[in-house]
Amino acid sequence: MGALSHIRVLDLSRVLAGPWATQILGDLGAEIIKIEKPGEGDETRHFGPPFLKNQNGAKADATYFLSANRNKKSVAIDLANPEGAGLVKRLARRAHVVVENFKTGSLAKYGLDYKSLSAENPALIYCSLTGFGHSGPYKDKAGYDYLVQGMAGLMSITGQPDGAPGAEPMKVGVAVSDLLTGLYTTIAILAAVVHQGRTGEGQEIDMALFDCQTAALANQASNYLAGRMVPTRLGNAHPNIVPYQVFATADGFLILAVANDAQFRRFAKAAGIEHLAEDARFKTNADRVHHRETLIPLLQPVFAARKTADWIALLEAANVPCGPINRVDQVFADPQAIARGLTISMAHATGPLDLVASPLKLAKTPPDYRLPPPLLGEHTDEVLREVLELEENVVRSLREKSVIA
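Just so it is clear, the model here is predicted, and its values are computed rather than measured.

1. Quick look at the pairing of strand β1 (residues 8-12)
Summarising burial for β1: four of the five residues are buried, a large majority. As defined by bridge partners, β1 adjoins strand β2 (residues 31-36) across four bridges and the pair is classed as parallel. Following the sheet pairing, D11 is matched in β2 by K34.

Here you go:
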């Protein structure tokens, strides 16, 4: 029994932020009913290549979809059809949580907005995810991860510094604004579930990618708000810690993460440059940050003299934080990833399927992998019969009228 096995979530979201949140809830035991548009489904089913292949070799879902949609039941309902919207409304009466990421106000025309649904189910938790939230001058603006990475400041601090080769604002290699919003959304929903359990009261949750990405600027935001320092792009360097960056070695690259003065002294001794640790310009981290442009050129030829593996062996023996830069295939082959069980295998309609495991390690209520990412509409009949208790002839009639698929 998962920690959330008593919770039913009606998931009207698609792409990444919403599905990321509902997958986490599903991994923790919640029943997730994912509503999708007949014939099309979640956009990420088409975000490829690569694509899965059916048993007959035909193209199936994009692997992108698989990353955020396990432990869900797919129900294909046409919201634009009044009967379809009515079915979803009935499902909402039987749900603890609704999650949606439609543009602000657009679900009201189907009677699927918070005001309409909470009137019939006062205990309902209704979570909306949008680019910019339900208030402010941008509330009607479409918001995508890439736009938000730029507008919320992340790209202004990511990439090579001005004047360096390849200098330009750079996005992160995954849709990090979506993923952060998904995580914040999960936290908000769990808090609302606790309140719901205590009081029987539902509530509306208004989550915005812009808000979440801005919050996740963390120390860079404080550097500005409290220190009035506008952060800039530093490539692989850190704005507040030195040396804390990538160095080229004789055969590749190494991450050096010296986070305090004792680590710097141990690093200098292991590297045979103890005199630098005694230099007044580099004794403290504040000194090293101030004299960054002097120190880093002194270290670069030192690192270039040895191979990455040799540096790792040397520095780890001295208890200095460091590491390689792994490709994705190397990550999953790493002994640590294997020991932590970061890959799971599930039986999918197309055949055996490898997925990334949940990182949540709970001793009493661990994540449970019950359902593989569903085919479009795979559970339509099941949900309508079991949750709404519709007779077979009614389901058949709805399908003939293209209300469902």
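After presenting the structure, the write-up continues.
2. Considering the side chain of H238
Mapped onto the secondary structure, H238 falls in the loop between α8 (218-225) and β9 (244-248). You can call H238 buried: its relative accessible area is 18%. One polar contact links the side chain of H238 to the main-chain amide nitrogen of N240, over a distance of 2.9 Å. Of note is the side chain of H238, whose polar atom sits 3.3 Å from the backbone nitrogen of I241. In this view, H238 contacts N219, Y244 and R292; residues no more than four positions away in its chain are not counted.

3. Quick look at a nonpolar patch on the surface
A grouping of Y138, Y144, L147 and M151 is seen on the molecular surface, where their side chains present a nonpolar patch of about 420 Å² in accessible area. Structurally, the position occupied by Y144 is in the loop between β7 (125-130) and α5 (145-151).

4. A closer look at the sheet that holds strand β11 (residues 322-323)
Two strands in a sheet stick together by hydrogen bonds in their backbones, pointing the same way (parallel) or opposite ways (antiparallel). With respect to topology, three strands assemble into an open sheet ordered β9-β10-β11, the strand pairing being antiparallel. Strands at the two margins of the open sheet, each flanked by one partner only, are β9 and β11. Across two bridges, the pairing between strand β10 (residues 253-257) and β11 is antiparallel. Within β11, the position partnered with L256 by the bridge is C322.

5. Digging into the layout of surface pockets
Any space left empty among the atoms is revealed by the rolling of a water-sized probe across them. Taken as a whole, the largest pocket encloses approximately 1100 Å³ of empty space. The wall of the largest pocket is formed by 34 residues, among which W20, Q23, S67, L179 and V356 lie closest to the centre. Elements supplying a minimum of two residues to the lining of the largest pocket: α1 (17-27), α2 (63-66), α6 (176-199), α14 (328-333) and β13 (351-356).

6. Observations concerning empty space enclosed by the protein
Under the criterion given, the structure shown has one cavity of 30 Å³ or more. Put simply, the largest cavity is a space of about 30 Å³. Together, L4, I7, V9, L25, V97, I189, L190 and V193 line the largest cavity. By residue number, the principal contributor to the lining of the largest cavity is α6, which donates three residues. Here the lining of the largest cavity is composed, by residue class, of eight nonpolar, no polar and no charged.

7. Some details on the packing of aromatic side chains
Applying the stated rule across the entire model yields eight aromatic pairs. With a centroid separation of 5.5 Å and 75° between ring planes, the pair formed by F132 and Y138 is classed as edge-to-face. Using a relative accessible area of 7% as the deciding quantity, one classes F132 as buried. Looking at Y138, the relative accessible area reads 41%, which means it is partly exposed. Site record: aromatic cluster; members linked through ring pairs are F247, F264, F267, F303 and W311. In this structure, K59 packs its charged tip against the face of F51, placed 4.4 Å from the ring centre. Stacked on the ring of Y224, the Lys or Arg R228 has its end atom at 5.0 Å from the ring centre.

8. Some points on the side chain of R70
With respect to the helices, strands and loops of the structure, R70 is situated in the loop between α2 and β5 (73-76). One polar contact links R70 to D27, side chain to side chain, over a distance of 2.9 Å. Among the polar contacts made by the side chain of R70, one reaches the main-chain carbonyl oxygen of V356 at a distance of 2.8 Å. Residues in contact with R70, not counting those within four places in the same chain, are Q23, D27, I344, M346, L355, V356, A357, S358, Y369, L371, P372 and P373.

Reading the values: the criteria
Residues numbered from 1 in each chain as written. Predicted model: local features only at pLDDT ≥ 70, side-chain atom pairs only at ≥ 80, totals over all residues. Heavy atoms only, no water. Buried < 20%, exposed > 50% of the residue type's maximum accessible area, 1.4 Å probe, protein only. Helix = DSSP H or I, 4+ residues; strand = E, 2+ residues; numbered from the N terminus. Pairing = 2+ DSSP bridges. Polar contact = N/O pair within 3.5 Å; in protein donor to acceptor, adjacent residues only side chain to side chain. Contact = heavy atoms within 4.5 Å. Patch = residues over 30% accessible without salt bridge, like charges linked within 9 Å, V, L, I, M, F, W, Y side chains within 5 Å. Areas by Shrake-Rupley, 256 points an atom, 1.4 Å probe, with all protein chains shown as cover. Salt bridge = Lys/Arg side-chain N within 4 Å of Asp/Glu carboxyl O. 1 Å grid on protein atoms, 1.4 Å probe; cavity = no way out; pocket = protein on both sides within 12 Å on 5 of 7 lines; lining within 4 Å. Points joined across faces, edges and corners; volume = space filled by probe spheres on them. Nonpolar A, V, L, I, M, F, W, Y, C, P; charged D, E, K, R; others polar. Phe/Tyr/Trp six-rings, centres within 6.5 Å; stacked < 30°, edge-to-face > 60°. Lys NZ or Arg CZ within 6 Å of the ring centre and 35° of its normal.

Nothing here speaks to function; it is geometry throughout.
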